[in-house]
Amino acid sequence: MTVSGPETPEPWPATPRANSVAVEQLRKEGNELFKCGDYEGALAAYTQALGLDATPQDQAILHRNRAACHLKLEDYDKAETEASKAIEKDGGDVKALYRRSQALEKLGRLDQAVLDLKRCVSLEPKNKVFQEALRNIGGQIQEKVRYMSSTDAKVEQMFQILLDPEEKGTEKKQKASQNLVVLAREDAGAEKIFRSNGVQLLQRLLDTGETDLMLAALRTLVGICSEHQSRTVATLSILGTRRVVSILGVENQAVSLAACHLLQVMFDALREGVKKGFRGKEGAIIVDPARELKILISNLLDLLTEVGVSGQGRDNALTLLIKAVPRKSPKDPNNSLTLWVIDQGLKKILEVGSSLQDPPGELTVTANSRMSASILLSKLFDDLKCDAERENFHRLCENYIKSWFEGHGLAGKLRAIQTVSCLLQGPCDAGNRALELSGVMESVIALCASEQEEEQLVAVEALIHAAGKAKRASFITANGVSLLKDLYKRSEKDSIRIRALVGLCKLGSAGGTDFSMKQFAEGSTLKLAKQCRKWLCNDQIDAGTRRWAVEGLAYLTFDADVKEEFVEDAAALKALFQLSRSEERSVLFAVASALVNCTNSYDFEEPDPKMVELAKYAKQHVPEQHPKDKPSFVRARVKKLLAAGVVSAMVCMVKTESPVLTNSCRELLSRVFLALVEEVEDRGTVVAQGGGRALIPLALEGTDVGQTKAAQALAKLTITSNPEMTFPGERIYEVVRPLVSLLHLNCSGLQNFEALMALTNLAGISERLRQKILKEKAVPMVEGYMFEEHEMIRRAATECMCNLAMSKEVQDLFEAQGNDRLKLLVLYSGEEDELLQRAAAGGLAMLTSMRPTLCSRIPQVTTHWLEILQALLLSPNQELQHRGAVVVLNMVEASREIASTLMESEMMEILSVLAKGDQSPVSRAAAACLDKAVEYGLIQPNQDGE
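Worth saying up front: this structure is predicted, and the values here are computed from it rather than measured.

**Things to note about the overall build of the protein**
- Within the protein, the secondary structure is distributed over 56 helices and zero strands.
- Within the protein, the fraction of its 946 residues that count as buried is 54%.
- A sequence separation of at least 24 residues applies to 69% of the contacts in the protein between residues at least 6 apart.
- By element, 50% of the accessible surface of the protein is carried by carbon and sulfur atoms, the whole surface being about 43600 Å².

Spelled out as structure tokens, the structure:
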């Protein structure tokens, strides 16, 4: 075959097919568009054709045509993916191999590109296009080798340009910094820089104070330290741990974030050790990585209370501590690092938590600083293992509060109350203990009446946080409601009124979703909600204050009337979603809570009617559901939220790189996503707005409940949409693990069923996906569900196993001696459930085709095997007939002995009747069985030669 224009899409093979008319038409349309240079249009036509019922050969042609389009569009990643799919269908597809080599060459993966070209040349040795391409790429590889050998000189040259004062701001300098960063991303390049005195030279770049040079230096250091313990320790030794940490505190946000990334990489390297290369040198350099970790953490703790550090830098330090200190898993028995941080740094963390943003105090903080401090305190407290450790935590917190409360006048009391608020937002047990300290609650109530706005703000916020805690709610209900109402009605400052309103909202929602437990008079809750929406929509108010309006709605939306009015208010929803994307990250939990309430995605168990009657008889309280919380109302609210753009807002929330996106917040978002994909017709909207991509991280990280909810949402999307379109590229492989997690016994039957259905779809796509499913150890669980009593779960498991059986490893399991896997498929092929029959018979047909040795074992697994096969052939369902005919054909071709047994039974008459039918796959398979029997000499053709 001559490849004069390897990018030109191919026509179909000459043989026409009845079911390919629409596909062929789309292919022709795509070819015409391609010739006209409309590559996007051609791509759309080929994609549409792929969605139709195309044969594997047709699919291969469409995939390589799509690869040609992507090459023209210079999207080389997708071109490589499409060519690989074509090669999966046909390993000898020379055009697909050539196109993949073109894509790989453009991606810089020359070693892989040359393998494809060698394969092309071996398939078509006389093809000059392939020979020339192979020569060209060979030259490129030699050039790369020469380049790498001269890298030392290039590194030196790059540093000379960067450190030359006369090159300030030039394009040459910018290019040198980019090249340095790119070189450091490769481990070999990072090692070259490191061995060329690179760290000392990078230190000089950091000392210049120029933003561009500092960013280049920090990003290069990331490459040097990434996954390499010895280089990390050497870097810290040369630069000085204190110097590296201090860069966090600079005013420039980009530099501070780059330093944060570098420190995170250093933490990972020290904790995980070396993952690639140079392992032999590690022991000589590393003596005690735990010591290096503590030095790093100690410097971060010191940075928290340093005057002159930027608020962004302080937040970044807190983020690093949140990620680095607590144990990753409760199964790890060693929490010594947490205990050390509590002893050495708890007071410093509380200093940040008690600092006032307005007016600014000694420490510069942002709107997110106190929330980050609360999250860190909460994680440290949750990491404690025994009462003695928790008691020490309480004692240190209480001593800190007392130190401010006593002897520092009004300013000290404000700091103490601010600390209590910080604890109530984090480890609330510690916050509740602090509220009970002598004089604290009284001071809060007294300061609420202050004429100074700053004092009122601190007191009212403390009152709000205390109102959400069960231990104090009754006290505040009795003593604080009148005060909050008075503040709401009389204060002239919106900042005070909005916070007072949130306090009232919290107290008003004490009954939760129980319609019969309302705290306020009829209509009061709606009035509060209306005022919250009004403030939320007022963009003249700063985001920090509007955040409190969302807090209020998060509580008031327990009321179904409030939910209904909220989703009807397009302006309020728009303002809510815009605020969720703002720099005010502390609003995320409140936004997620309001959405959970609007979608009713919280856990709710329908009470047992008998228990309700007993409760009424015993005059006990019975929770009541609001009429507007019935499913029809919930579905209508979900559709309104989707129309308002809720998915796009949630995708942005998931992408947030902030400690405010806690595991609890992730769980709330997972619940909402699950509610949004409940209806099949809504799933396309969720996918189109990026919901599928956002669900993957939610399913891989967070609380167990959150991960399960996100995984179930992924399953629903995978069942009803094309997984390759929903999760493009490598993302599709990330979906497998969450789906397999739904097969565990602690998940519900519905979750098991949906996971099996989703895995069935994935297993039918490619061998690579099947291998991923096998790697996640799903096969034993799928086998277990094949014995499930529930018919739908049993059927789904059988269908999944049928698709997995295309893999050699699963075929080996069926072929192994001493198991009943084959027997189960044979018996299920005779079940009354037609869908189960079809799945089992399909599995049998494929297995007997791939492994002929299994044919001789079918008669051994059950005495009813012949009846089961005959019943399949006599079925009115053509699909079952075809599967049965293929199994019989495989058995006849596998052994003359089995063929003899079949022909001696009623099977011969059945096959004779089927073979005389209209031309169809069933009649052809039946005729092939009889032809083979004639060949064996078991039967004779009649006078007509039939």
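**Regarding the pattern of salt bridges**
- Within the structure shown, the criterion is met by 47 salt bridges.
- Between Asp682 and Lys639 there is a salt bridge whose closest N-O contact spans 3.0 Å. With Asp682 in the loop between helix 37 (663-676) and helix 38 (683-688) and Lys639 in helix 35 (residues 631-644), the pair connects residues that are 43 residues apart, well separated along the chain.
- Residue class for Asp682 comes out buried when judged on its relative accessible area of 7%.
- The network of salt bridges with shared partners includes Lys563, Glu564, Asp629 and Arg637.

**Describing the UniProt feature "repeat: TPR" (unreviewed entry) in the protein**
- Feature annotation in UniProt places "repeat: TPR" (unreviewed entry) on residues 94-127, given in this structure's numbering.
- Taken end to end, residues 94-127 comprises 79% helix and 0% strand; its first and last C-alpha atoms sit 11 Å apart.

**Remarks on the nonpolar core**
- Ranked by size, the top nonpolar core spans 259 residues in total, and within it Phe393, Phe673, Leu676 and Leu902 carry the most contacts.
- It is helix 15 (residues 253-272) that contributes the most residues to this core, 10 residues altogether.
- The residue makeup of this core includes at least three contributed by each of domain 2 (149-274 + 286-513) and domain 3 (514-641).
- Leaving out residues up to four positions away in the same chain, Leu902 has contacts with Trp865, Leu866, Val888, Met891, Val892, Met907 and Met908.
- Formed by 16 residues, the second largest nonpolar core is a distinct cluster that contains Tyr98, Leu110, Ala113 and Val121.

**Topic: the packing of helix 18 (residues 311-324) against helix 20 (residues 369-382)**
- Two elements in contact, helix 18 and helix 20, have axes separated by 9 Å at closest approach and are oriented at 15°. Classified by the angle their axes make, helix 18 and helix 20 are roughly parallel. The element helix 18 and its partner helix 20 pack so that their crossing is left-handed. On helix 20, the residues touching Gly311, Asp315, Leu318, Leu321 and Ile322 of helix 18 are Ser369, Ser372, Ala373, Ile375, Leu376 and Lys379.
- The class makeup of the residues in the contact of helix 18 with helix 20 is six nonpolar, three polar and two charged.

**Considerations on unusual backbone geometry**
- In this structure, Glu74 is a non-glycine residue whose phi angle is positive, near 65°.
- Its relative accessible area of 58% is what places Glu74 among the exposed residues.
- Non-glycine residue Lys777 carries a positive phi angle of around 60°.

**Quick notes on the packing of aromatic side chains**
- This model, assessed by the stated rule, comprises three aromatic pairs.
- Their ring planes at 65° and their centres at 5.1 Å tell us that Phe34 and Tyr39 sit as a pair that is edge-to-face.
- Under the relative-accessibility criterion, Phe34 is labelled buried at 7%.
- Aromatic side chains Tyr98 and Phe130 sit 5.3 Å apart centroid to centroid with 40° between the ring planes, which places their arrangement in the tilted category. Taken together, the residues Tyr98 in helix 5 (residues 94-106) and Phe130 in helix 7 (residues 128-149) connect sequence positions 32 residues apart.
- Classification of Tyr98 as buried rests on a relative accessible area of 8%.
- The buried category is assigned to Phe130, whose relative accessible area is 0%.

**Topic: helix 37**
- Taking 1.5 Å as the rise per residue, helix 37 with 14 residues should run 20 Å; its terminal C-alpha atoms sit 20 Å apart, in good agreement.
- Most of helix 37 sits out of view: 12 of its 14 residues are buried.
- On its buried side, helix 37 packs onto helix 33 (588-598), helix 35, helix 36 (646-654), helix 38, helix 39 (691-700) and helix 40 (704-720).

**Side note on the state of the cysteines**
- Within this structure, the stated rule accounts for zero disulfides.
- This cysteine, Cys800, is not joined by any disulfide, and Cys802 carries the nearest cysteine sulfur, 9.7 Å off.

**Quick word on the side chain of Arg100**
- Considering the arrangement of structural elements, one finds Arg100 in helix 5.
- Apart from residues lying up to four places away in sequence, Arg100 is in contact with Glu80, Ala83, Ser84, Ile87 and Asp116.

**Observations concerning the packing of helix 47 (residues 791-804) against helix 50 (residues 834-850)**
- In the contact formed by helix 47 and helix 50, the axes pass within 9 Å of each other and the chain directions differ by 20°. The orientation of helix 47 with respect to helix 50, classified from their angle, is roughly parallel. The handedness of the crossing between helix 47 and helix 50 is left-handed. Facing helix 47, whose interface residues are Arg794, Arg795, Thr798, Glu799 and Cys802, helix 50 presents Leu835, Leu836, Ala839, Ala840, Gly842, Gly843 and Met846.
- Its residues placed into classes, the contact of helix 47 with helix 50 shows six nonpolar, three polar and three charged.

**Focus: the confidence of the model for the protein**
- Of the residues in the protein, 88% have a pLDDT of 70 or more, and the chain-wide mean is 83.
- Contacts from residues 11-18, a stretch scored under 50 in pLDDT, to residues over four places away or in other chains number 13 contacts.

**Here's the deal with the environment of Leu889**
- Position of Leu889 among the secondary structure elements: in helix 53 (residues 878-894).
- Considering only alpha carbons, one finds Leu889 and Ser849, 40 residues apart in sequence, at a separation of 9.2 Å.
- Once residues lying within four places of it in the same chain are set aside, the contact partners of Leu889 are Ala925, Ala928 and Cys929.

**Quick notes on helix 24 (residues 440-448)**
- Buried residues of helix 24: Val440, Met441, Ser443, Val444, Leu447 and Cys448, and no others. Taken end-on, helix 24 shows its buried residues confined to a sector of 160°, consistent with a single buried face. Along helix 24, exposed side chains directed more than 90 degrees from the buried face belong to Glu442 and Ala446.

**Topic: a positive patch on the surface**
- Residues Arg271, Lys323, Lys328 and Lys379 make up a contiguous surface patch of positive charge.
- Residue position: Arg271 is located in helix 15.
- The exposure class of Arg271 is partly exposed, given its relative accessible area of 33%.

**Some remarks on the environment of Leu447**
- By the secondary structure assignment, Leu447 is in helix 24.
- Expressed as a C-alpha distance, the spacing of Leu447 and Lys413, which sit 34 residues apart in the sequence, is 9.6 Å.
- Ignoring any residue separated from it by four or fewer positions in sequence, one finds Leu447 in contact with Leu410, Leu414, Ile417, Glu455, Gln456 and Ala459.

**Focus: the side chain of Thr525**
- Here Thr525 lies in helix 29 (residues 524-537).
- On the basis of relative accessible area, Thr525 is assigned to the buried category, the value being 13%.

About the thresholds
- Residues numbered from 1 in each chain as written.
- Predicted model: local features only at pLDDT ≥ 70, side-chain atom pairs only at ≥ 80, totals over all residues.
- Heavy atoms only, no water.
- Helix = DSSP H or I, 4+ residues; strand = E, 2+ residues; numbered from the N terminus.
- Buried < 20%, exposed > 50% of the residue type's maximum accessible area, 1.4 Å probe, protein only.
- Contact = heavy atoms within 4.5 Å.
- Areas by Shrake-Rupley, 256 points an atom, 1.4 Å probe, with all protein chains shown as cover.
- Salt bridge = Lys/Arg side-chain N within 4 Å of Asp/Glu carboxyl O.
- UniProt positions renumbered as here; feature names shortened; annotations may be inferred.
- Core = buried A, V, L, I, M, F, W, Y, C linked by side-chain atoms within 4.5 Å.
- Domains from an automatic or database assignment.
- Axes fitted to C-alpha atoms, helices over the stretch in contact; angles between N-to-C directions.
- Parallel < 35°, antiparallel > 145°, perpendicular 65-115°, else oblique.
- Left-handed = near helix turned anticlockwise from the far one by under 90°.
- Nonpolar A, V, L, I, M, F, W, Y, C, P; charged D, E, K, R; others polar.
- Phe/Tyr/Trp six-rings, centres within 6.5 Å; stacked < 30°, edge-to-face > 60°.
- Expected span 1.5 Å × (residues − 1).
- Disulfide = S-S within 2.5 Å.
- pLDDT = per-residue confidence, 0-100.
- Arc of directions from axis to C-beta.
- Patch = residues over 30% accessible without salt bridge, like charges linked within 9 Å, V, L, I, M, F, W, Y side chains within 5 Å.
- Lys, Arg positive; Asp, Glu negative; His and termini not counted.
- Charge placed at Lys NZ, Arg CZ, Asp CG, Glu CD.

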